[in-house]
Amino acid sequence: GVGKQMMKFLDLKKVNDAHGAEISEAIQRVLDSGWYLLGQEGQAFEKEFADFCGANHCLGVANGLDALILILMGYRELGIMQEGDEVIVPANTYIASILAISRAGLKPVLVEPDERTYNIDPTLIEAALTERTKAIMAVHLYGQCADMTPICAIAKKHGLKVIEDAAQAHAATYKGSRTGALGDAAGFSFYPGKNLGALGDGGAVTTSDDQLADAIKALRNYGSHEKYHNKYKGMNSRLDEIQAAILRVKLKYLDEDTDKRRKVAEAYLSGLSSQPFITPLGAGLGLPHVADYGTTAWHLFVIRHPQRDVLAEHLRQAGIQTMIHYPIPPHQQVAYPELAGLALPLTEAIHQEVLSLPISPVMAAADVEQVLTQLRKFD
């Protein structure tokens, strides 16, 4: 007979089909306007997303990596940072966080995570500071906010900037405030698979710093505020009108879609809570820990298992697609020989044990049940 359909890790077509008619209408609106870059759709999206986050400014850019690079370039142009200055960054993150620091001519200084939240451990930050440290990049990994109160307190004490890498955390909250307004500036990605995803690449910077916003506005557009007058050595990194129009549609449903993700996550958590769960790495099935200081956006639902690869294969055989976020830690990537000597045992252990289960706003309850059944069979 016909092999049964594989359960996709993320059914993006289904996610976008949910808003299909409105997306088509948005694209048509741009076609009718005859304007494709830095126009009304982009400005409207910037205002709506800034309001959503609770920030004064939003600047649409080409992708999430550029958003982070532009924040750091902006600080360099304002004289707040200079070449070779250091930025504290979690060791346990996607490579983009670290690439942004390198691209801006700065030096990443890696700090181990809290093993429960996978986010940077604030108690380890001060030991990593030097006289060259200028910023802390807080990554809200998997959609859960880093613990911002102690991070911001350390930053204030030492005169550092706090930059949020919120690429996975649109709509997550920390003590009642949303990501994008928890530090001095934030970078977002609208990669199609994100919780607020475009139909192509896209990104944004949010900030309430007027000077930084003004600098980034020029930097993203060849370093020019006024055509053919270049104040900075800028780049070309702009959110196009079609993507902005699509994002405006999807932003209206972001809170609702986040609630749907939360329901999937809650079903997983309650369905697995009876499983043997031992906190230290290397023992039993590790479930996501939801910190009590906020709400997670549940971009990813990540479990941990010492037999991760065997478990992934078991699920694949059962017709369930999983992913690993991420298999190789940044300090072990070929691109970073200068980090190769670092010993980051917790980050390394996490990369060997994590497995991401399917989660999305369009995931059916029956699919969740099927995943749970297979997980119970494995243990």
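This text follows the structure it describes.
Sequence order as written defines residue numbering, which begins from 1 separately in each chain. Whole-chain, interface and lining totals are the exception, using all residues; otherwise, since this is a predicted model, local features are given only for residues with pLDDT of at least 70 and side-chain atom pairs are given and counted only at 80 or more. Hydrogen atoms and water are omitted, and side-chain values are computed over all heavy atoms in the structure.

(A) Broad picture of the packing of helix H3 (residues 40–53) against helix H9 (residues 241–252). The angle between two axes is taken between their N-to-C directions and runs from 0 to 180 degrees, where each axis is a line fitted to C-alpha atoms and a helix contributes only its stretch in contact. Each helix corresponds to a stretch of at least 4 residues labelled H or I by DSSP, and each strand to a stretch of at least 2 residues labelled E; elements are numbered beginning at the N terminus. Relative orientation of the contacting elements H3 and H9 amounts to 35 degrees, with a least axis distance of 8 Å. For the pair H3 and H9, the crossing hand works out as left-handed. On H9, the residues touching Gln 40, Glu 41, Gly 42, Ala 44, Phe 45, Glu 48, Phe 49 and Phe 52 of H3 are Glu 241, Ala 244, Ala 245, Leu 247, Arg 248 and Leu 251. Residues that form the contact of H3 with H9 fall into these classes: eight nonpolar, two polar and four charged. In this scheme the crossing of two helices becomes right-handed for a clockwise turn of the near helix relative to the far one and left-handed for an anticlockwise turn of less than a right angle. A contact between two residues is defined here by any heavy atoms of the two lying within 4.5 Å. Classification convention: Asp, Glu, Lys, Arg as charged; Ala, Val, Leu, Ile, Met, Phe, Trp, Tyr, Cys, Pro as nonpolar; all other residues, Gly among them, as polar.

(B) Spotlight on the pattern of salt bridges. Between Lys or Arg on one side and Asp or Glu on the other, a salt bridge is scored when a side-chain nitrogen of the former is within 4 Å of a carboxyl oxygen of the latter. Applying the stated criterion across every chain yields a total of 20 salt bridges. In this structure, Arg 376 and Glu 369 form a salt bridge, with 3.9 Å as the shortest nitrogen-oxygen distance. Salt bridges linked by common partners bring Arg 29, Glu 41, Glu 48 and Arg 248 together as one network.

(C) Layout of the pairing of strand E9 (residues 203–207). The buried label applies to any residue whose accessible area, calculated with a 1.4 Å probe on protein chains only, is under 20% of its type's maximum; exposed applies above 50%, and partly exposed to all values in between. Of all the five residues making up E9, five are buried; the element is thus mostly covered by neighbouring parts of the structure. Residues Gly 203, Val 205 and Thr 207 point to one face of E9 and Ala 204 and Thr 206 to the other, with burial holding for every one of them. We call two strands paired when DSSP finds no fewer than two bridges between them. Across five bridges, the pairing between strand E1 (residues 57–61) and E9 is antiparallel. Directly across from Cys 58, in E9, lies its bridge partner Thr 206. Where strand E8 (residues 185–189) lies against E9, five bridges are found, and the strand directions are antiparallel. Bridge assignment links Phe 188 to a residue of E9, and that residue is Ala 204.

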